[in-house]
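Close look at the chain arrangement
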Amino acid sequence: MDSDGSRFTPLVVVELVSDAKEEAVAWLLNRMKDKQQNGGAELLVEQLSPPVDASEKENPNLFLVGASRQRLLSGAEDVGLIKEFNDGSMRVFTFSNKHKFKDFRGDGDNFLSMAECQFIIKHEMDTLRAKDETHVPGYKHKLYPGKSIIRRLQSKGILVQVFPLHEHEELKRLSFSWYEKIKMSFQPLDNIRHYYGEGLALYFGFLEYFTCALLPLALIGLPYYLFDWDDYDKYVVFAAFILIWCTVILEVWKRYSASLTFSWGTLSRKKAFEEPRPGFHGILGRNPVTGREEPTYPYVKRQLRIYLVSVPFVLFCLYLSLCVMMIYFLLEGWALSINDQYPNFWTGILVFIPSVIYAVVIEVMNLIYRYAAEILTEWENHRLESTFQNHLVLKVLVFDFVNCFASLFYIAFIMQDMVLLRQSLATLLITSQILNQFMEAFLPYWLQRRRNKKVIRKAQKRRNMEGKELPLAEQVRLEADMSAYMSTFDDYLELFLLFGYVSLFSCVYPLAAVLVVLNNVTELYSDAFKICRVYKRPFSDPAANIGVWQLAFEAMCTIAVVTNCALIGMSPHIKAYFPGMSERHVILWTVAIEHVLLAFKFILSYIIPDVPKEIQNKMARIEFESLEALKKKVKPTLR
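Our subject in this report is the structure included herewith. (Residues numbered from 1 in each chain as written. Predicted model: local features only at pLDDT ≥ 70, side-chain atom pairs only at ≥ 80, totals over all residues. Heavy atoms only, no water.)

Spatial ordering of the open sheet is given by β2-β3-β1-β6, a layout of four strands whose pairing is antiparallel. Looking at which strands have only one partner, the edges of the open sheet turn out to be β2 (44-47) and β6 (159-164). Shown here is a sheet whose adjacent strand axes are inclined to one another by a mean of 20°, direction ignored. Strands β1 (12-16), β3 (62-66) and β6 of the sheet are contacted by helix α3 (residues 114-126), whose axis makes an angle of about 40° with β1. (Pairing = 2+ DSSP bridges. Helix = DSSP H or I, 4+ residues; strand = E, 2+ residues; numbered from the N terminus. Axes fitted to C-alpha atoms, helices over the stretch in contact; angles between N-to-C directions. Contact = heavy atoms within 4.5 Å.)

Below, the structure is given as structure tokens:
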């Protein structure tokens, strides 16, 4: 029951294994319900009622978690939630000044969104720590003072999952305004942020921005393709345009991203102190910052694992990727020779078969390597989740870049066959887009439908018989069986590779930008659909930017400058314009121009501030007022 006597609103579901020891279950629930001064989370917990059909075996250890309104407001201050002040500025919420914040009415009902409430509950559960317990009750798993209880239960397989519940009326409204109607308008980013949090809203904002930024390339590239301008000097102009385009769009995105996150209150949000990952293990020691006992692992040992095992493994995988590429070229040569000897309709189709097979093999290799990279990064035993993610992203990006683009670089700069380069780029791009749409949208939806077939049939029968929505207990079990949306990692990775196809080689295949625009439009709707209908609701992620992916896109942009300069330098029309210039001088001039363009790129990124001046002034004003308020509080204490 809430503090006002009303029944609490279920916000989060906690699922333990069906055969969890009763002592462990009772201990965890007591710690979650206990007062904060006693080391508890002071949350409201209720066991989910058994299923309607008692003949079916269901996990009894499903618990609904909520919190009183006062507890959520104090938790908002604990997590440093930033809300809109009465003067329109974004400030850190404080319980003592709650009535000075916009939209705070009465006792604060509806002041916090459901996503914010769920994030607060997750934070409070994550900060539950062992006190004087030496082991998990009913188990031999060791505990020590300061150890995160939730992370310990997760790492030992006692805690199955913790996930936030959907708010179905709000989800229906969001779905209707987002993807259920095809319309020529921007996405409701504020509504997405309100329901799913800033991390997902930023991804969809970047996807939308990237699609809009591609439109000039698509509009310029379409005439090249339609009029079949095979004259290579026309693509020199297109390559020069790409050089400017890829630099400018990333700089403009940083400013647009800063404007979004400032309005959402996450741009100036202080990053919370990171706790050790659930999978992190080592010898028990003491954290020099917090003073709490936690596992420690030697830095030297981790570095040895990285450089003596991980790096050689990545290099070996790159070698295998190059071997597969050479096999592809052998098959390509064989298909071309057959077509030359027996030119007909079927041999003409045969020419494209090796590229299609190679594109499929690339996707399969990417999936296998991704799985191996996760295992390897886990084995490296990184202490923090952010460090783990950075190492995983680096491994995956290096391999996927070589695996996807090595053949194109080989054709462009070793074989110097622009016709084959155009054909290979088109085949790789179209095949990868078809496979990605199938793997990311249609396959998860089909698997989810199969997994929940019984529950959906029950729901339909209940609606037909009673005309009511699915009961809470059945709805919770339905969501518990859904696949978890892990992160935006794979979504950003796909955009990174598409950005590479466009920025690196689209000057020889101008239709690439058009294909990527079409892919991104379908991606907007398919990603929105799978987030709303296929996966569990993810916890809110109060992100301030797109993180390490910004650096990845900027690195690709730098490579694009070098690649396009080299393609321009290789153009036979350059030699035709400058007949007296030797090949050596052409190379030297190409390198010189490439260095000038790189310098221009870095100067441009330095001149254009990442955060607009207006927002900088607002942030400085808020910081100044905070310092002034702190001085006023300190002065009376000194007297």
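Anyway, onward from the coordinates.
The next point concerns the side chain of R370. Assignment of secondary structure puts R370 in helix α11 (residues 353-379). Within the structure, the side chain of R370 is placed 2.2 Å from the side chain of D490, a separation counted as a polar contact. Setting aside residues up to four positions removed in sequence, R370 forms contacts with V396, F489 and D490. (Polar contact = N/O pair within 3.5 Å; in protein donor to acceptor, adjacent residues only side chain to side chain.)

What follows covers the pattern of salt bridges. A pair can form between side chains of opposite charge whenever their charged atoms are brought close. All chains considered together, the criterion is met by 17 salt bridges. Between E169 and K172 there is a salt bridge, with its nearest N and O atoms 3.9 Å apart. Placement of the pair is E169 and K172 together in helix α5 (residues 168-178), with a separation of three residues, close to one helical turn. Between K254 and E251 there is a salt bridge whose closest N-O contact spans 3.4 Å. Of this pair, K254 and E251 both sit in helix α8 (residues 233-264), three residues apart, roughly one helical turn. Classification of K254 as buried rests on a relative accessible area of 16%. By sharing partners, the salt bridges in this structure join E251, K254, E554 and D610 into a single network. (Salt bridge = Lys/Arg side-chain N within 4 Å of Asp/Glu carboxyl O. Buried < 20%, exposed > 50% of the residue type's maximum accessible area, 1.4 Å probe, protein only.)

Another aspect to go through is empty space enclosed by the protein. Evaluated as defined, the whole model comprises five cavities of 30 Å³ or more. Put simply, the second largest cavity is a space of about 60 Å³. Every residue along the wall of the second largest cavity is listed here: L243, I244, T247, V561, L597, F600 and K601. Those elements giving two or more residues to the lining of the second largest cavity turn out to be α8 and α20 (583-607). Broken down by class, the residue content of the lining of the second largest cavity amounts to five nonpolar, one polar and one charged. (1 Å grid on protein atoms, 1.4 Å probe; cavity = no way out; pocket = protein on both sides within 12 Å on 5 of 7 lines; lining within 4 Å. Points joined across faces, edges and corners; volume = space filled by probe spheres on them. Nonpolar A, V, L, I, M, F, W, Y, C, P; charged D, E, K, R; others polar.)

Take the nonpolar core next. Counting 104 residues, the largest nonpolar core has Y196, W245 and W549 as its most contacted members. Of all the elements, helix α7 (residues 198-226) adds the most residues to this core, at 14 residues. Once residues lying within four places of it in the same chain are set aside, the contact partners of Y196 are H166, L171, L174, W178, I531, C532, R537, P538, F539, S540 and D541. Within the second largest apolar cluster, 46 residues are counted, among which are L28, V45, L81 and I121. (Core = buried A, V, L, I, M, F, W, Y, C linked by side-chain atoms within 4.5 Å.)

Relative to the 42 Å expected for 29 residues at 1.5 Å per residue, α7 spans 41 Å between its end C-alpha atoms, a close match to the ideal helical length. Taken as a whole, α7 carries its principal kink of about 30° at L215; the proline P216 stands between one and four residues after it. (Expected span 1.5 Å × (residues − 1). Bend = angle between axes of the 7 residues up to and from the residue.)

A separate point is unusual backbone geometry. Despite not being glycine, E42 has its phi angle at roughly 55°, a positive value. Looking at the secondary structure, you find E42 in the loop between α1 (22-33) and β2. Residue E42 is classed as partly exposed on the basis of its relative accessible area of 26%. We note that D103 has phi near 70°; this positive angle belongs to a residue other than glycine. Looking at where D103 falls in the secondary structure, it is placed in the loop between β5 (90-92) and α3.

When two helices pack together, their arrangement is given by the angle between their axes and by how far apart the axes lie. Interaxial distance between α11 and helix α12 (residues 385-415) falls to 10 Å at its minimum, and their mutual angle equals 160°. Taken together, α11 and α12 sit at an angle that is classed as roughly antiparallel. Crossing geometry of α11 relative to α12 is assigned as right-handed. The residues of α12 that touch α11, namely those facing Y358, I362, M365, N366, Y369, R370, A373, E374, L376, T377 and E378, are F388, H391, L392, K395, V396, F399, D400, N403, C404 and S407. (Parallel < 35°, antiparallel > 145°, perpendicular 65-115°, else oblique. Left-handed = near helix turned anticlockwise from the far one by under 90°.)

Two cysteines, two sulfur atoms, one covalent bond between them: this is a disulfide. Per the counting criterion, the structure on display carries zero disulfides. Unpaired in terms of disulfides, C557 finds its nearest cysteine sulfur in C246, a separation of 3.2 Å. Classification of C557 by relative accessible area gives buried; the value is 1%. (Disulfide = S-S within 2.5 Å.)

Structurally, S175 can be placed in helix α5. Placed 358 residues apart in sequence, S175 and R533 show a C-alpha to C-alpha distance of 9.3 Å. Ignoring anything within four residues of it in the chain, the contact list for S175 reads E180, C532 and R533.

A cluster of nonpolar side chains, Y299, V300, L304, L308, V309 and W379, forms an exposed patch at the surface whose accessible area comes to about 620 Å². Here the nonpolar patch takes five residues from helix α9 (residues 299-341), the largest share from any one element. Tracing the backbone through its elements, the reader meets W379 in helix α11. (Patch = residues over 30% accessible without salt bridge, like charges linked within 9 Å, V, L, I, M, F, W, Y side chains within 5 Å. Areas by Shrake-Rupley, 256 points an atom, 1.4 Å probe, with all protein chains shown as cover.)

This next bit is on the packing of aromatic side chains. Here the structure, examined in full by the defined rule, presents 33 aromatic pairs. Consider the rings of Y195 and Y196, whose centres lie 4.8 Å apart with planes at 75°: the pair is edge-to-face. The two residues Y195 and Y196 agree in class, both being buried. Residue placement shows K83 over the ring face of F111; its charged tip is 5.0 Å from the ring centre. Taking the ring centre of F95 as reference, the NZ or CZ of K98 above it sits at 4.2 Å. (Phe/Tyr/Trp six-rings, centres within 6.5 Å; stacked < 30°, edge-to-face > 60°. Lys NZ or Arg CZ within 6 Å of the ring centre and 35° of its normal.)

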